[in-house]
Amino acid sequence: MATTTAAPDLMTTKEVAALIRKTPHAVRQMRHRGIGPQGTRVGRGTLYRRAVVMAWLEAREQADPLAQRALAA
């Protein structure tokens, strides 16, 4: 069975999950609830732009008061 790889600037749900150390199911649930990174459905899967995922992580960090306190120390 051949595996396909997304373009370098695109990530699969599985790759996003590995990056944020969650399960693919958790990533799908976050996206469904509107609290995860924005993705685009392509066929039966979802692809995420790497820049969008990194911006989403940055925004989560900026909104986290504990992270801000840790950066200030």
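Rules used throughout
Residues numbered from 1 in each chain as written. Predicted model: local features only at pLDDT ≥ 70, side-chain atom pairs only at ≥ 80, totals over all residues. Heavy atoms only, no water. Helix = DSSP H or I, 4+ residues; strand = E, 2+ residues; numbered from the N terminus. Buried < 20%, exposed > 50% of the residue type's maximum accessible area, 1.4 Å probe, protein only. Areas by Shrake-Rupley, 256 points an atom, 1.4 Å probe, with all protein chains shown as cover. Salt bridge = Lys/Arg side-chain N within 4 Å of Asp/Glu carboxyl O. Pairing = 2+ DSSP bridges. Axes fitted to C-alpha atoms, helices over the stretch in contact; angles between N-to-C directions. Parallel < 35°, antiparallel > 145°, perpendicular 65-115°, else oblique. Left-handed = near helix turned anticlockwise from the far one by under 90°. Contact = heavy atoms within 4.5 Å. Nonpolar A, V, L, I, M, F, W, Y, C, P; charged D, E, K, R; others polar.

Attention shifts here to the overall build of the protein. In terms of regular secondary structure, the protein is built from four helices and three strands. The helix and strand sequence of the protein, counted from the amino end, reads β-α-α-β-β-α-α. Every one of the 73 residues in the protein was classed for burial, and the buried ones make up 21%. Summing over all exposed atoms, the protein offers an accessible surface of approximately 5,800 Å²; the carbon and sulfur share of this is 56%.

Right, let's get into the pattern of salt bridges. For the structure on display, the rule yields one salt bridge. For arginine 49, the salt bridge identified is with aspartate 9, shortest N-O distance 3.3 Å. Taken together, the residues arginine 49 in strand β3 (residues 45-49) and aspartate 9 in the segment before β1 (10-12) connect sequence positions 40 residues apart. For arginine 49, a relative accessible area of 49% puts it in the partly exposed group.

With a phi close to 60 degrees, arginine 21 is a non-glycine residue in the positive phi region. With respect to the secondary-structure elements, arginine 21 resides in the loop between α1 (13-20) and α2 (24-33).

Further remarks concern the sheet that holds strand β2 (residues 40-42). The strands making up a sheet associate through hydrogen bonds between their backbones, and the pairing can be parallel or antiparallel. Ordered by their spatial adjacency, three strands build an open sheet running β1-β3-β2, and the pairing between neighbours is antiparallel. This sheet does not close on itself; its edge strands, each paired only once, are β1 and β2. Strand after strand, the sheet turns through a mean of 40 degrees between neighbouring axes, direction not considered. Pairing geometry for β1 and β3, over three bridges, is antiparallel.

We now examine the packing of α1 against helix α3 (residues 50-63). At a minimum axis separation of 12 Å, α1 and α3 run at an interaxial angle of 30 degrees. When the interaxial angle is binned, α1 and α3 end up roughly parallel. Of the two possible hands of crossing, α1 and α3 adopt the one that is right-handed. On α3, the residues touching Val16, Leu19 and Ile20 of α1 are Val53, Met54, Trp56 and Leu57. By residue class, the composition of the contact of α1 with α3 is seven nonpolar, no polar and no charged.

Where burial is concerned, the two faces of β3 differ: the one with Thr46 and Tyr48 is buried and the one with Gly45, Leu47 and Arg49 is not. In this sheet, β3 lies alongside β2 in antiparallel orientation, the contact comprising three bridges. Residue pairing for β3: arginine 41 is matched across the bridge by threonine 46. Once β2 ends, the chain turns through two residues before running back antiparallel as β3, passing glycine 43 with a positive phi of about 65 degrees.

So yeah, pure geometry; function would need other evidence.
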